[in-house]
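Spelled out, the chains give:
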Protein chains: 2
Amino acid sequence: MDTNRYCIIMAGGIGSRFWPISRSDRPKQFLDILGTGKTFIRSTYERFRTIIPSENFLVVTNSSYKGLVLEQIPELREGQVLCEPLGRNTAPCIAYAAFRMKAVNPQATMIITPSDHLILDESTFLETIKAGAEFAEAHDALVTIGLKPTRPATGYGYIQVEPAMLENGVNRVKTFTEKPTLEVARMFVEIGEFFWNSGIFIWRVETILEAIRRFLPDTYQLFSSIAPYYATPLEQGHINRIYPECRGVSIDYGVMEKADNVYVRCSDFGWSDIGTWGSLYEYMPKDDAGNANEGAAIPFDTHNSIIKLPAGKIAVIEGLDDFIVVDTDDVLMICPKNNEQNIKKFIDTVKFEKGDGFI
Amino acid sequence: MDTNRYCIIMAGGIGSRFWPISRSDRPKQFLDILGTGKTFIRSTYERFRTIIPSENFLVVTNSSYKGLVLEQIPELREGQVLCEPLGRNTAPCIAYAAFRMKAVNPQATMIITPSDHLILDESTFLETIKAGAEFAEAHDALVTIGLKPTRPATGYGYIQVEPAMLENGVNRVKTFTEKPTLEVARMFVEIGEFFWNSGIFIWRVETILEAIRRFLPDTYQLFSSIAPYYATPLEQGHINRIYPECRGVSIDYGVMEKADNVYVRCSDFGWSDIGTWGSLYEYMPKDDAGNANEGAAIPFDTHNSIIKLPAGKIAVIEGLDDFIVVDTDDVLMICPKNNEQNIKKFIDTVKFEKGDGFI
């Protein structure tokens, strides 16, 4: 294991798209939605643990999830959990981690990963990470991981690559496109030089800090202003003070789309961000009628539906096609599978009518 | 109050049509399904309590519900709860009560009532009962209570009356018809001389015993064989012994349809047997979209549906029309409102696949 390589797990999301299973006090990354026996964040940790030593992990999360992180990854020391007092998208999160890394090991390579994705082919994944890291270590490069698209998904970002392949199977990035229309997504898949943006980034500490300094100078300035306190007992207090002043901006929009030293290592390791009930449905075992029901529901004349129940509960369901039925101890949700963008509306209405307790 | 009048409440039903709210350990008569603040059996007791003294009540129920009866009507002594070791339909239940009455007060008038019906106009109801009782006391008559039909219900029995009205507003019965087709029910409502059979009966002890002796001689023989033990500590043991030998038969089929001294007091006091979710729906308050939801569910694009949730639970429901959604702590049922005859099928399947615990 290369002790200069660090894994930064971003785990601050509130996962509202999986409401009412995913709740503000235990969002998606801390759940085992797929029924694998492990939460997403635990699986993420274990996947990287084979190439990165425990002491080289950092998890950036909301202060209120610190306990959940340490519960799921008891191998970490408390200081390895970086707590954001509030969410400000990925750029401040990555800036924070980069400044901490600079204080700890300025020669480090940072491998930054979301905490709630599904990866099926772990060995291909690890080879891909290794190739990306080698490239990032040899160049002044911002490397991202791209996935060969298997369908014209409209919920993902796409990366267009320059055709010429460089060493380690890396390509230079030509363009980024966020969430295209179905028509455009179909074209992307056909053309062949477009890849899904996995949200996994690899770079050296000095490379990302230089990019932030150049493209997000206000963010750089804020985190730089507390440089003496990283990796000291005073860090948290200063972070809590400057975070509210940060602009919320994604690293993709704030840095990747603007920099010219951006590269992508493309691969094909069976990946999903499991961002919606619909994408979860794809990965759940289904009965002959296409129902993903985990065995506790008895369906009659019901097809292609997702049925999630609390442990010990049963259901009898008749006459639903393409529905989502999610039952929890205090909230029941029933809605058509293709209306799941409405979950945001549901949450807002529930919050307004019933209060925060159900969110 | 006439101390020769007794009220016999039949409360042995298992109410499976309201599964999963109504469960074998607490069937419909012991529930407040309408949300009135009182269970059906308590409302039945209180309704009669204004004309009949507490000590003149008998409740016939299954042994396993004795505790529930005394919980709901603590005014009763234990001996006023007649326990059937198993259900054998209404004829043995009424024969048992009649033999007990003969031992206690052979001059008694028995007013026999189901325990789980809804009655809206209590004063008209009580006048009707009084008129029926006066008629039964003056004649050798088997009197039943008929209701003016308000719609061509196919789930009820119908009583056809002789046009000539006798004293106390009573008519002689011409025919009984069980659960007609919709076409026939429509004709019945149009013709005007057909009334719903409420399942409420009034007669003197000796009148019903003579009818049972004549039309159900085997039943009469069995209950007669333990005559010395009624109203003694040995009664229950003998009842437990003879009950399994009884034929299960309804009093309507076994006696009323065969006897020629059958009369009906017709009335119009807002009655429903609340025998199905559909009939319950009629009596529940509904929102503008026709949903009977008691306020705990937030419906989107959902109409004419019944939504029942446990206390403290909320639901978000989108895209259901004419559905029943009933949630309990351990069972969730979702089915089209017009398929509710399927509940029997649901129960059988759940019993087979998940065991008795959910029934």
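Above this text is the structure in question.
Everything numeric here is computed off the predicted structure, so don't read it as measured data. (Residues numbered from 1 in each chain as written. Chains lettered and ligands numbered in written order. Predicted model: local features only at pLDDT ≥ 70, side-chain atom pairs only at ≥ 80, totals over all residues. Heavy atoms only, no water.)

Peer 1: Lay out the overall build of chain A with the relevant residues and their values.
Peer 2: Scanning chain A from N- to C-terminus turns up 11 helices and 16 strands. For 359 residues, the compact-globule formula gives about 21 Å, and the C-alpha radius of gyration of chain A, at 21 Å, lands near that figure. Taken over 359 residues, chain A has a buried fraction of 57%. Counting every atom, chain A has about 14,600 Å² of accessible surface; 50% of that belongs to carbon and sulfur. Looking at charge distribution, chain A has the averaged site of its 36 positive side-chain charges lying 4 Å from that of its 47 negative ones. (Helix = DSSP H or I, 4+ residues; strand = E, 2+ residues; numbered from the N terminus. Rg over C-alpha atoms; globule rule 2.2 N^0.38 Å. Buried < 20%, exposed > 50% of the residue type's maximum accessible area, 1.4 Å probe, protein only. Areas by Shrake-Rupley, 256 points an atom, 1.4 Å probe, with all protein chains shown as cover. Lys, Arg positive; Asp, Glu negative; His and termini not counted. Charge placed at Lys NZ, Arg CZ, Asp CG, Glu CD.)

Peer 1: So what's going on with the sheet that holds strand β13 (residues 306–308) of chain B? Residues and values would help.
Peer 2: The strand order across the open sheet built from 5 strands is β12(A)-β14(A)-β16(B)-β15(B)-β13(B), with neighbouring strands paired in mixed fashion. Edge positions in the sheet fall to β12 (297–300) of chain A together with β13 of chain B, since each has one partner strand and no second. When the angles between neighbouring strand axes are averaged without regard to direction, this sheet yields 5°. Strand direction decides the pairing type here: β12(A) and strand β14 (residues 314–318) of chain A, joined by 4 bridges, are parallel. Note that in β14(A) the partner of F300(A) across the bridge is E318(A). Relative to the sheet, helix α11 (residues 343–354) of chain B contacts β12 and β14 of chain A together with β16 (331–336) of chain B, its axis offset from that of β12(A) by approximately 140°. (Pairing = 2+ DSSP bridges. Axes fitted to C-alpha atoms, helices over the stretch in contact; angles between N-to-C directions. Contact = heavy atoms within 4.5 Å.)

Peer 1: Tell me about the packing of helix α6 (residues 205–215) of chain A against helix α7 (residues 217–224) of chain A, and name the residues and values.
Peer 2: Residues and elements named next belong to chain A. Across the interface, α6 lies against α7 with an axial gap of 5 Å and an inter-helix angle of 120°. When the interaxial angle is binned, α6 and α7 end up oblique. Residues L209, I212, R213, R214 and F215 of α6 form the contact with α7, whose own contacting residues are P217, T219 and Y220. (Parallel < 35°, antiparallel > 145°, perpendicular 65-115°, else oblique.)

Peer 1: Could you give an account of the pairing of strand β10 (residues 262–267) of chain B, naming the residues involved and the relevant values?
Peer 2: Residues and elements named next belong to chain B. Burial runs high along β10: 6 of the 6 residues are buried. The side-chain alternation of β10 yields two buried faces, one formed by V262, V264 and C266 and the other by Y263, R265 and S267. Across 6 bridges, strand β6 (residues 142–147) lies against β10 in parallel orientation. The residue bridging T144 from the neighbouring strand is V264, located in β10. Taken together, the 3 bridges between strand β8 (residues 170–177) and β10 define a ladder with antiparallel strand orientation. By the bridge assignment for β10, N171 is matched with V264.

Peer 1: With reference to specific residues and values, describe the interface of chain B and chain A.
Peer 2: If you look at the interface, chain B gives 36 residues, while chain A gives 36 residues. Of the roughly 2,800 Å² buried at the junction of chain B and chain A (both faces included), carbon and sulfur atoms supply 66%. Area buried by chain B at its contact with chain A is led by I314(B), E318(B) and L332(B), which between them contribute 25% of it. The interface formed by chain B and chain A includes 4 salt bridges. A salt bridge links D327(A) to K313(B); its shortest N-O distance comes to 2.5 Å. Taken together, the elements giving at least two residues each to the side of chain B that touches chain A come down to β12 (297–300), β14 (314–318), β15 (323–327), β16 and α11 of chain B. Alignment of strand β16 (residues 331–336) of chain A against β14(B), held across 4 bridges, turns out to be parallel. By the bridge assignment for β14(B), L332(A) is matched with A315(B). (Buried area = accessible area lost by both parts, 1.4 Å probe. Salt bridge = Lys/Arg side-chain N within 4 Å of Asp/Glu carboxyl O.)

Peer 1: Please give an account of the side chain of E318(A) that cites residues and values.
Peer 2: The topology assignment puts E318(A) in strand β14. Using a relative accessible area of 5% as the deciding quantity, one classes E318(A) as buried. At 2.8 Å, the side chain of E318(A) and the side chain of N342(B) are in polar contact. Those residues in contact with E318(A) that sit more than four places away from it in its chain are F300(A), T302(A), F323(B), I334(B), C335(B), P336(B), N339(B), N342(B), K345(B) and F346(B). (Polar contact = N/O pair within 3.5 Å; in protein donor to acceptor, adjacent residues only side chain to side chain.)

Peer 1: If you had to explain the relation of the copies chain B and chain A to someone new, which residues and values would you point to?
Peer 2: Mapping chain B onto chain A leaves a residual RMSD of 0.1 Å; the transformation is a rotation of 180° accompanied by 0.1 Å of translation along its axis. Within this description, the copies of the chain are treated as partners about a two-fold rotation axis. When each C-alpha of chain B is compared by its distance to the rotation axis, D329(B) comes out closest, at 4.0 Å. Taken as a fraction of all interface residues of chain B, those also at the interface in chain A reach 100%, which identifies the copy contact as same-surface. (Least-squares fit on C-alpha atoms with pLDDT ≥ 70 in both.)

Peer 1: Quick rundown of α7(A)? Include the residues and the values.
Peer 2: All names here are of chain A. Taken residue by residue, α7 has T219, Y220, L222 and F223 as its buried positions. Axial view of α7: buried residues confined to an arc of 165°, hence all on one face. Contacts made by the buried residues of α7 are with α3 (90–104), α6 and α8 (235–242). (Arc of directions from axis to C-beta.)

Peer 1: Go over the sheet that holds strand β13 (residues 306–308) of chain A, please, and point to the residues and values.
Peer 2: Strand order in the open sheet made by the 5 strands is β13(A)-β15(A)-β16(A)-β14(B)-β12(B), with mixed pairing throughout. In this open sheet, the two strands that pair with only one neighbour each are β13 of chain A together with β12 of chain B. When the angles between neighbouring strand axes are averaged without regard to direction, this sheet yields 5°. Contacting β16 of chain A together with β12 and β14 of chain B, helix α11 (residues 343–354) of chain A runs over the sheet at an angle of about 140° to β12(B).

Peer 1: Explain the environment of A259(B) to me, using residue names and the numbers behind them.
Peer 2: Residue and element names in this part refer to chain B. Note on placement: A259 falls in the loop between α9 (251–256) and β10. Separated by 133 residues in sequence, A259 and L126 place their C-alpha atoms 26 Å apart. Residues contacting A259, with those up to four places away along its chain left out, are L142 and F215.

Peer 1: Which residues make up the packing of aromatic side chains, and what values do they have?
Peer 2: Evaluated as defined, the whole model comprises 40 aromatic pairs over all chains. Their ring planes at 70° and their centres at 4.9 Å tell us that Y156(B) and W196(B) sit as a pair that is edge-to-face. You can see Y156(B) sitting in the loop between β6 and β7 (158–165) and its partner W196(B) sitting in strand β9 (residues 194–204), a full 40 residues away along the chain. Of the residues examined, W196(B) reaches a relative accessible area of 3% and is grouped as buried. In this structure an aromatic cluster arises from ring pairing among Y96(A), F99(A), Y220(A), F223(A), Y230(A) and Y243(A). The cationic tip of K258(A) hangs over the ring face of Y253(A); the distance from NZ or CZ to the ring centre is 4.0 Å. Lying across the ring of F40(B), K28(B) places its NZ or CZ 5.2 Å from the centre. (Phe/Tyr/Trp six-rings, centres within 6.5 Å; stacked < 30°, edge-to-face > 60°. Lys NZ or Arg CZ within 6 Å of the ring centre and 35° of its normal.)

That's the geometry; what it means functionally is another story.
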